[in-house]
Amino acid sequence: MSSSTTTRPTDLTDPAGPADAGDPAAAALRRVRRWLWIFVVCLVLSGLTAFPLESETRWLADFATGPAAPLSEHFPGLLGKLLAVRDGIADTNRRYPFLAYGTDWLAFAHLVIAVAFWGPIQDPVRNVWVIRWAVIACGGIIPLALVCGPLRGIPVYWGFVDMSFGVVGVIPLLIVLRGIREAERHGTAGTAAPAAA
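What you see is a predicted model, and the numbers here were worked out from it, not measured in a lab.

Colleague: Tell me about a nonpolar patch on the surface, residues and numbers included.
Modeller: Judged by side-chain polarity, Phe75, Leu78, Ile154, Tyr157, Trp158, Val161 and Phe165 come together as a nonpolar surface patch covering roughly 660 Å² of accessible area. Tallying contributions element by element places helix α8 (residues 156-186) first for the nonpolar patch, with 4 residues. Overall, Trp158 belongs to the partly exposed group, its relative accessible area being 42%.

Pasting the structure below:
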């Protein structure tokens, strides 16, 4: 009775991953999912922090003017801008509270985008288009900051802070795309399984 081996393709669409822990495709997909979770957690935190803007700017101003952080000595212009933002948000919320509804929607949009990554977490290969869309969105932050920032009176240095979100955000996404390509490349390399004689 002779035995032979057949090649079983690696299942790239299985959320649990292949059974063989030594499979390079499975290892790549595990890395992809880890980076996707990091990206999602950052999106959720970014969204949640857009709700309590008045409290956050007040805390930041208190910290910047406190004895532990003498911002006024080293960066008086930055401190002045921070205090103006704090006072502007507080005054707007007091006189025109309905305007804060816009930042509530901004926060909600971050949470909705985070939910969209559930598909890639479950099946990164089939839902790679979501990752590509997110890369385009990160790139879109730069022209938005460059065009709308000056129109709204935003200082140049703060525009660079805003653009950094796109630059930093695209890094895990590019790592994810590379991992997906690696998984696809190894996807046909299967594990040996005994066949019936």
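Colleague: So what's going on with the nonpolar core? Residues and values would help.
Modeller: Core analysis: the biggest nonpolar cluster contains 22 residues, and Leu36, Phe117, Ile131, Leu173, Val176 and Ile180 have the highest contact counts within it. Only α1 (24-48), α7 (128-151) and α8 provide two or more residues apiece to this core. In terms of residue count, α1 provides more of this core than any other element does, 7 residues in total.

Colleague: Account for the packing of α1 against helix α5 (residues 100-116), with residues named and values stated.
Modeller: Any two packed helices are characterised by how steeply their axes cross, that is the angle between the axes, and by the distance between the axes. It is at 7 Å that the axes of α1 and α5 come closest, and there the two elements cross at 165°. Viewed along their axes, α1 and α5 adopt a mutual orientation that is roughly antiparallel. Two packed elements cross with a definite hand, and for α1 against α5 that hand is left-handed. Between α1 and α5, the residues in contact are Val40, Leu43, Val44, Ser46, Gly47 and Leu48 and Ala107, His110, Leu111, Ile113 and Ala114, respectively. Residue classes in the contact of α1 with α5 are distributed as 8 nonpolar, 3 polar and no charged.

Colleague: Describe the packing of α1 against α8, naming the residues involved and giving the relevant values.
Modeller: The N-to-C vectors of α1 and α8 enclose an angle of 160°; their axes lie 8 Å apart at closest approach. Our classification of the angle between α1 and α8 gives roughly antiparallel. Crossing geometry of α1 relative to α8 is assigned as left-handed. Here α1 contributes Pro24, Ala25, Ala28, Leu29, Arg31, Val32, Trp35, Leu36 and Phe39 to the contact with α8, which in turn contributes Gly169, Pro172, Leu173, Ile175, Val176, Gly179, Ile180, Glu182, Ala183 and His186. Along the lines of polarity and charge, the residues of the contact of α1 with α8 split into 14 nonpolar, 3 polar and 2 charged.

Rules used in this analysis
Residues numbered from 1 in each chain as written. Predicted model: local features only at pLDDT ≥ 70, side-chain atom pairs only at ≥ 80, totals over all residues. Heavy atoms only, no water. Patch = residues over 30% accessible without salt bridge, like charges linked within 9 Å, V, L, I, M, F, W, Y side chains within 5 Å. Areas by Shrake-Rupley, 256 points an atom, 1.4 Å probe, with all protein chains shown as cover. Salt bridge = Lys/Arg side-chain N within 4 Å of Asp/Glu carboxyl O. Helix = DSSP H or I, 4+ residues; strand = E, 2+ residues; numbered from the N terminus. Buried < 20%, exposed > 50% of the residue type's maximum accessible area, 1.4 Å probe, protein only. Core = buried A, V, L, I, M, F, W, Y, C linked by side-chain atoms within 4.5 Å. Axes fitted to C-alpha atoms, helices over the stretch in contact; angles between N-to-C directions. Parallel < 35°, antiparallel > 145°, perpendicular 65-115°, else oblique. Left-handed = near helix turned anticlockwise from the far one by under 90°. Contact = heavy atoms within 4.5 Å. Nonpolar A, V, L, I, M, F, W, Y, C, P; charged D, E, K, R; others polar.

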